[in-house]
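An overview of the molecular structure
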Amino acid sequence: MHPFVARFAPYWSLLLLPLVCFGPPGFQDVRGQVAKPPAGNAVEQAAAALYEGVISETLPNGLRVFLKPVPGATVITTMVGYKVGACDEDLDQTGLSHYLEHLMFKGTDKLFPGDIDRATLRNGGANNAWTSEDLTLYHFDFAAEQWEVPLKIEADRMRNIRIDEKHEFQQEKGAVIAELERNEDRPWDLEFKALLPLLFGKTGPYGHPVIGEREHVRAATAEIIKRHYDRWYHPNNAVLVVCGGFDPVKVMAKIKELFGSIQKQDLPARKPGQTVQRNAPVRHEFKSKFEVPRLVIGYDGVRTGDPDYYPLVVLQQVLSGGKTSRFYKKLIEGEEIATAAEAMISAGRYPGWCGVLVELLQGKSREQAEKLVLAEVKRLQDEPVSDAELKRVKQGIISSSIFGRENVHDLAENIAVGVSIQDLDYLKSYLPKINAVTAQDVQRVAKKYFNPEQRVTVWSVPEERKGAAAPRRPAGGGPRGGPHPPGGRPPAAPPPAARPRRVSGPCGRGSVLAEGDAARGAAQRPDALALRESPAADLCRRPCHP
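Counting from 1, residues in each chain are numbered in the order their sequence is written. With pLDDT at 70 or above as the cut-off, local features in this predicted model cover only qualifying residues; side-chain atom pairs require 80 or more to be listed or tallied, and sums for whole chains, interfaces and linings still use all residues. Heavy atoms throughout the structure, all of them, feed into the side-chain values; hydrogens and water do not.

1. Remarks on the pattern of salt bridges
To be explicit about the condition: Salt bridges, as used here, are contacts in which a Lys or Arg side-chain nitrogen is within 4 Å of a carboxyl oxygen on Asp or Glu. Each helix is a run of DSSP H or I of at least 4 residues and each strand a run of E of at least 2, with the numbering of both proceeding from the N terminus. Type-normalised accessible area, obtained with a 1.4 Å probe on protein chains alone, sets the label of each residue: buried when under 20%, exposed when over 50%, and partly exposed for intermediate values.
Tallied over the full model, the rule gives 33 salt bridges. With its nearest N and O atoms 2.8 Å apart, the salt bridge here joins Lys226 to Asp230. Of this pair, Lys226 and Asp230 both sit in helix α10 (residues 222-232), four residues apart, roughly one helical turn. For Asp230, a relative accessible area of 29% puts it in the partly exposed group. When salt bridges with common partners are traced through the structure, they connect Glu181, Glu184, Asp189, Lys193, Arg214 and Arg218 into a single cluster.

2. Looking at the side chain of Ser97
Within the secondary structure, Ser97 is located in helix α4 (residues 96-103). According to the relative accessible area criterion, Ser97 is buried, its value standing at 2%.

3. Brief notes about the environment of Gly301
Rules: Contact criterion: two residues are considered in contact whenever any of their non-hydrogen atoms come within 4.5 Å of each other.
For Gly301, the position within the fold is in the loop between β8 (294-300) and α12 (309-320). Overall, Gly301 belongs to the buried group, its relative accessible area being 15%. For Gly301, the residues in contact, after removing those within four places along its chain, are Pro351, Gly352, Trp353, Cys354 and Tyr449.

4. Looking at α4
Within an α-helix, residues lying three or four positions from one another point in the same direction, as the helix has 3.6 residues per turn. Along α4, eight of the eight residues are buried, which leaves the element largely enclosed by surrounding structure. Among all positions of α4, only Leu96, Ser97, His98, Tyr99, Leu100, Glu101, His102 and Leu103 are buried.

5. Brief notes about the packing of α12 against helix α13 (residues 326-334)
Heads up, the rule is: Helix axes are fitted to C-alpha atoms over the stretch in contact, other axes to C-alpha atoms as well, and angles between N-to-C directions run from 0 to 180 degrees. Oblique is the label for any angle not covered by the other classes, which are roughly parallel (under 35 degrees), roughly antiparallel (over 145) and roughly perpendicular (65 to 115). Gly is put with the polar residues, along with every residue not named as nonpolar or charged; the nonpolar set is Ala, Val, Leu, Ile, Met, Phe, Trp, Tyr, Cys and Pro, and the charged set is Asp, Glu, Lys and Arg.
Contact geometry for α12 and α13: axes closest at 4 Å, N-to-C directions at 30°. On the basis of their axis angle, the class for α12 and α13 is roughly parallel. For the pair α12 and α13, the contacting residues are Val318, Leu319 and Ser320 in the first and Arg326, Phe327 and Tyr328 in the second. Classifying every residue of the contact of α12 with α13 gives four nonpolar, one polar and one charged.

Bear in mind that shape data such as this cannot, by itself, settle questions of function.
Below is the structure:
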């Protein structure tokens, strides 16, 4: 998040109540404003209604444009997504995509530091951005009549960004490093940083954190960042999404006027995927600065849109979808051994991973917690999910997906992430494919992906403190929310972002560093976005810059 957002952060809590009633720019409810869906079952009708009337066109320079008019909406959200993220970085220069995302707000020949934020505030809008393993997404929320403002800014900075001292290159490096250090003082950041290279290999596209390695950020020069910008920031590597109350004919004409003259460029070859061969389980343990042990178990996963992705999403919800889920009932409510127990599915352009995250109560047995988790996984492999449980879980995924896209901003983000990682057909088919998942599908993917011989287990263990007594569990059972790791990736899109931060749903991915407003909550629902399905989702949308 950039600095001007941070200045207002202390006041966000005071704004929550009015926002529930009225919503900020870009957050107008779109329910009831879509065209009547076609005949069919309820799920297919709901999925069709969300994307009814989307206008798509690819300009001659390769820019893909998606317009979603919402009749009667008084707000408009504009999003530009570039298909470049941490997975596209050289392994000796990590963190470039995220650093560049900060610098994109610092200006061009026409715009200087602060100008983009001043233009946003002057017109009563909001702006922000986030970076994940797979993409970088920028957004503006404005009153509908100000729809030209963000288009002019995005067209200017698509190829005209200036990276130099005049545009605060060095100052922003300090902000990125401070963010990195701040994240490491939060739960789950160090656990994920330990897990990723063990799961994906140190040379794999997903084997390093989105924010990058500390020494690489410190060593980044303006020339290095500019080279990264020149490789990837081109119209044929971008999508432009506009959602809200606007005239699509006028908006499309203005887009062609502003963006049409920007030349396409040949893009670098994408990195090949990489699978780490493990002949036995891998374990790693490290001393933690925190007071409670945390467990992360990782298994190899799939790409977004893979046929097995949908039953894995359902499996994740069976294990940790709310207070009726198996992990909650067993580890939190039953054995009273954990404050949080979550399953997650992280997918993206490359095969991702399936995981389990558990935060223990002080003084509880790590061995017992691990056995309980593995027993629940084994149960899924041995016994089909009941019809009643399957129905409840799928209804939860479907409802959270629909409600997570009920305002202009979330719907725009859902479309932008979905078409960046996959395409519009993926978004339209997500809910029907979830609805078609059977108990046999869930059992099959549990056996296929949750292989005990292929798992990677990471424990962070607090150092013993002499004379320190374990605090008693607070009345009422203590915190029940899932862990909020920093870093996973955003889902590839069906889920929009369920507001608090990260997600895995149909979006697909897992780790997003969200900047500010954009981070309004990437959603912890199974549908959510941009990127993932679990607590790891918090990784995704944790506000990035202060």
